[in-house]
Structure formats: C-alpha cells, structure tokens
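The primary structure of each chain is shown beneath.
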Amino acid sequence: MRENKVRTLWSKGECAVTGWLAIPSSLSAELMAQQDFDAITIDMQHGCADYADMLSMLQAISTTDRTPFVRVPWNDPSIIGRVLDAGAYGVIAPMVNTAAECRAFVEACRYYPEGGRSAGPIRAGLYGGPDYFANANKTIITMPMIEHKDGLANLDEILDTPGLDAIFVGPSDLAISMGYTPGFDPKWDDVNEAIALIARRCIEKGVVPGIHVGSVEYGQKMRDLGYKFIAYLSDFRMLQMAYAKAMPAFRSGVPSVLAP
C-alpha cells in the first residue's frame, strides 16, 4: 500500500504541515499540492467542496506525494466511508465531544474487526494499491476534532479510544464555546491554556496533537507545545490576504512584497 508520509514524519518525531483547501477546485488543489506542504486537507465542512469536487481534488493532489486528508462535514459514517473509498488517507471529523462519539468515528474509519467500515474502496484501491484492504487499518489516520468545552471536559476518555491516532483542535469554535469570539490564534489566556493542556494530554496518551493556525508566530508556539500536525490558513484566506495587501500597493504605485 502507498506510504502515508504523515505517519512516517510522526514516527520520526517530526511535525507535518498541511495545506487547507476551501475553494472547490481541482486546479487550486493541484497548485497547493505543489507547494512545500506535507499533506493537503480538503475541507468539506466549512469549505465549498461537495463530493464530486472532493473526488477531483483528490485526483489533483495525487499528482504529487502530498498525503491527502479530508475534513468531513460531520461525524457521519456514510460520508466518512465515501471519502475513504475516494482515497483520503486521513479523516478529520468536527465536534467530537464524547468518548462514544469518538469511538463511533474511529470504527467508521476501520474495517472489521477494528471497526465497521464497509469494503468497497473504489478509487482508494487505485490510489493505495492492490493490498489496500489488508493495510488500510494501519495506514489511514483518524483525527477527531476537539473544538468545544464539552470535548475538553471529556478529553481523557476521548484519548483512551482504541485506534485513535490524533486530535485536531479547532481554536475558533473552542473559543466560542468558552464565551469568546471566533478567529484564528486566540488571544485569551484560558483558551490558550486549554490548547496547551490538550497537547500535554495527547502526548501523555500517545496521541498526536494537531491544530489550525493563522500565523507563523502562533504556529511556532504550537510546535513548541508539541503539536505535530498543523494547518496553516487556507487557499481562500491566502488569496484574500494577498489581494488585500497587493491592491492598495498597485493603486498607489508603490511596490510591496506581494505586489512587485
């Protein structure tokens, strides 16, 4: 079966950085996959991709060796099975708040006897190889999201879930559930203390901690805390930020870093 390079990085104690795709375009996916990422994640929750978009985006990503991840819209075994059959090598599930929800998620990602995933890896067999079924359970990465104070309260029980590989922190929704406003890189001490706690407990339990960040500075802080899977902005946000900086420079006639 084709190597999961994110797992390989983790086995060496290294951090994997993922690109994040919110734009439903195979061309955007191909462009992002040619940048210096270790993985590329298609966002079907808050991004605009539907299943057909996601399939073509996975095909575009596979023109490179970037590991393909998908964030599914919800913790639903029907869509989890479909994105895996399409060739996702890692699945991120939002709003997992209890051990029972986490167990259901992991089991949806695993074939019997570790789970209840139905066998029918249409494109996954092409992408992963002829021995996909035999090796999928030890290759696919399971990554539920902790992004609510309820999930934080149940963190230890969630981390004890058999077959759980990683946790992905959603800092924006976590901050909202704690009474603050949404956004990347939260500035509130108690939210950041919670994010640090998640990293510590993951490391203690042998689960990889991951998080989404909006800046280089905050990303470095997360690496220092032990986060080993980091999403940096998205194709949509990067495009938005680049033009927000470039157009004033263009109109004024004064070159900037983003507007030569």
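Here, the structure is the one placed above.
To keep things clear, this report deals only with the structure shown in the data block. (Residues numbered from 1 in each chain as written. Predicted model: local features only at pLDDT ≥ 70, side-chain atom pairs only at ≥ 80, totals over all residues. Heavy atoms only, no water.)

What follows covers the pairing of strand S3 (residues 67-71). Among the five residues that make up S3, five are buried, leaving the element largely enclosed by the rest of the structure. Pairing of strand S2 (residues 39-43) with S3 involves five bridges; the strand directions are parallel. Looking across to S3, one finds that Ala 39 is bridged to Thr 67. Between the parallel elements S2 and S3, the chain passes through helix H3 (residues 51-61) in a crossover that is right-handed. (Buried < 20%, exposed > 50% of the residue type's maximum accessible area, 1.4 Å probe, protein only. Helix = DSSP H or I, 4+ residues; strand = E, 2+ residues; numbered from the N terminus. Pairing = 2+ DSSP bridges. Right-handed = clockwise from strand over helix to strand, strands pointing away.)

All buried positions along H3 are accounted for by Met 54, Met 57, Leu 58, Ala 60 and Ile 61. Taken around the axis of H3, the buried residues stretch over an arc of 160 degrees, which confines them to a single face. Tucked into the core, H3 has its buried residues touching strand S1 (16-21), helix H2 (26-33), S2, S3, helix H4 (77-85) and helix H6 (122-128). Measuring from the side-chain oxygen of the N-cap residue of H3 to the backbone nitrogen of Ala 52 gives 3.2 Å; that N-cap residue is Asp 50. (Arc of directions from axis to C-beta. Contact = heavy atoms within 4.5 Å. Polar contact = N/O pair within 3.5 Å; in protein donor to acceptor, adjacent residues only side chain to side chain.)

Our next topic: a nonpolar patch on the surface. Among the surface-exposed residues, Leu 239, Tyr 243, Met 247 and Phe 250 lie close enough to one another that they form a single nonpolar patch of about 460 Å² accessible area. Summarising the element assignment, Leu 239 is placed in helix H13 (residues 235-252). Under the relative-accessibility criterion, Leu 239 is labelled partly exposed at 46%. (Patch = residues over 30% accessible without salt bridge, like charges linked within 9 Å, V, L, I, M, F, W, Y side chains within 5 Å. Areas by Shrake-Rupley, 256 points an atom, 1.4 Å probe, with all protein chains shown as cover. Salt bridge = Lys/Arg side-chain N within 4 Å of Asp/Glu carboxyl O.)

Quick look at the packing of H2 against H3 now. Relative to each other, H2 and H3 sit at 30 degrees, their axes nearing to 8 Å. By the angle between their axes, H2 is roughly parallel relative to H3. With respect to the hand of their crossing, H2 and H3 are arranged in right-handed fashion. Along the contact surface, H2 presents Ser 26, Ala 29, Glu 30 and Ala 33, while H3 presents Ser 56, Met 57, Ala 60 and Ile 61. For the contact of H2 with H3, a count of residues per class yields five nonpolar, two polar and one charged. (Axes fitted to C-alpha atoms, helices over the stretch in contact; angles between N-to-C directions. Parallel < 35°, antiparallel > 145°, perpendicular 65-115°, else oblique. Left-handed = near helix turned anticlockwise from the far one by under 90°. Nonpolar A, V, L, I, M, F, W, Y, C, P; charged D, E, K, R; others polar.)

A separate point is helix H7 (residues 132-139). Among the residues making up H7, those that are buried are Tyr 132, Asn 135, Ala 136, Asn 137 and Thr 139. Residues of H7 that are buried in the fold lie against helix H1 (5-11), H4, helix H5 (99-109), H6 and strand S5 (141-146).

Further remarks concern the side chain of Arg 110. You can see Arg 110 is positioned in the loop between H5 and H6. Of the polar contacts made by the side chain of Arg 110, one reaches the backbone oxygen of Gly 163; its length is 3.1 Å. Excluding residues within four positions of it along the chain, Arg 110 makes contact with Arg 7, Gly 115, Gly 116, Arg 117, Ala 136, Asn 137, Ile 140, Thr 142, Gly 163 and Asp 165.

By volume, the largest pocket amounts to about 540 Å³. Taken together, 26 residues make up the lining of the largest pocket; nearest its centre are Asp 43, His 46, Arg 71, Phe 184 and Arg 237. For the lining of the largest pocket, the elements supplying multiple residues, two or more each, are strand S6 (166-169), helix H10 (171-177) and H13. Per-element accounting of the lining of the largest pocket gives the leading share, four residues, to H10. Classifying every residue of the lining of the largest pocket gives 14 nonpolar, seven polar and five charged. Considered as a void within the structure, the second largest pocket measures approximately 240 Å³ in volume. Lining the second largest pocket are 13 residues, with Ser 28, Leu 31, Met 32, Asp 235 and Met 238 sitting closest to its centre. Only H2 and H13 provide two or more residues apiece to the lining of the second largest pocket. Here the lining of the second largest pocket takes four residues from H2, the largest share from any one element. (1 Å grid on protein atoms, 1.4 Å probe; cavity = no way out; pocket = protein on both sides within 12 Å on 5 of 7 lines; lining within 4 Å. Points joined across faces, edges and corners; volume = space filled by probe spheres on them.)

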